[in-house]
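# Coordinate inspection notes
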Amino acid sequence: ETGVTQSPTHLIKTRGQQVTLRCSSQSGHNTVSWYQQALGQGPQFIFQYYREEENGRGNFPPRFSGLQFPNYSSELNVNALELDDSALYLCASSSGQMRVEGSNEQFFGPGTRLTVL
Amino acid sequence: AQSVTQLGSHVSVSEGALVLLRCNYSSSVPPYLFWYVQYPNQGLQLLLKYTTGATLVKGINGFEAEFKKSETSFHLTKPSAHMSDAAEYFCAVSAAGFQKLVFGTGTRLLVSP
C-alpha cells in the first residue's frame, strides 16, 4: 500500500511568483485536505477536496486554490506569493466526505517546505 | 468554533520517566480528539484518537490519553519515556462528523539519557 506522497520536497520562490504543490493520495482514498504549518506553529486547515469538488475551506485568501483529479491526486496553487506564505505545506488523504464520516483518520504526507524570499 | 490549547511548548523528561503532555480543548459540539506526532522533516503520524465510547484511549508506541469532558482535557501520557519518543506532539480537535482538524501549537518532547 503506497502512502501519501508530495512533491517537491523543497521549493524556493520570490515574492509575487506563483507555485504549484502536488499530492498523491493513499490508495483507496477519495478525499484530500491541505494544511499550512508555519515555523513553530500547528498546521492550519486550508481546504479539502472530495471527489474533485472543494468541500470546505479555512481562513485563507482566494489566491490559495486547488484541484483534485479523477485519480484523487491533488494540487495546491498559491498566486502572488508573500513572505508569510513560507511554511511546510501538508497534504492528508482519507476516505469519506467532510461532513459524513468525521472520525476517518487522515494520513499525512511528508510535506513540501516552501520558502518565499 | 473549536480550539486547542497545549500547555508547555517544551517538556523535558529523563529516559524511563513518565511523559505527560497537556491538551485542553474548546468545542461547541461533541468533539473528536486526536494526538499526532511529528519527527523532524516528516509529516504527522496519528498516535491515537477519541471519537465516542471509552474515554481512555490507547494508541501506538505505548501512549494513551483520557477524555475528560468535565475538564475539557485530553492529556497524553506514557509510563516510561524512550529516547525515540523525542519529537513534536500535536493535539487536534474536529467536530463530530467533520474532517477539518484544528491543531494546537504543539509541544516538543525532549528525552535525556
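Here is a short report on the structure shown in this document. (Residues numbered from 1 in each chain as written. Chains lettered and ligands numbered in written order. Predicted model: local features only at pLDDT ≥ 70, side-chain atom pairs only at ≥ 80, totals over all residues. Heavy atoms only, no water.)

### As for the state of the cysteines
Residue and element names in this part refer to chain B. This model, assessed by the stated rule, comprises two disulfides over all chains. One disulfide in the model links Cys23 with Cys91; its S-S distance is 2.0 Å. Every disulfide takes its handedness from the sign of the S-S torsion; for Cys23 and Cys91 that torsion is -60°, giving left-handed. Note that Cys23 is positioned in strand 3 (residues 19-27) and Cys91 in strand 9 (residues 87-95), a separation of 68 residues in sequence. Comparing Cys23 with Cys91, the two get one shared label, buried. (Disulfide = S-S within 2.5 Å. Helix = DSSP H or I, 4+ residues; strand = E, 2+ residues; numbered from the N terminus. Buried < 20%, exposed > 50% of the residue type's maximum accessible area, 1.4 Å probe, protein only.)

### Some words on the nonpolar core
Counting residues in each nonpolar core, the largest one holds 27 residues, and the members touching the most others are Trp35, Leu48, Leu76 and Tyr89 of chain B. Elements with a minimum of two residues in this core: strand 2 (10-14), strand 3, strand 4 (31-38), strand 5 (44-50), strand 7 (64-68), strand 8 (73-78), strand 9 and strand 11 (107-112) of chain B. Counting 20 residues, the second largest nonpolar core, distinct from the first, contains Cys23, Phe47, Tyr49 and Phe60 of chain A. (Core = buried A, V, L, I, M, F, W, Y, C linked by side-chain atoms within 4.5 Å.)

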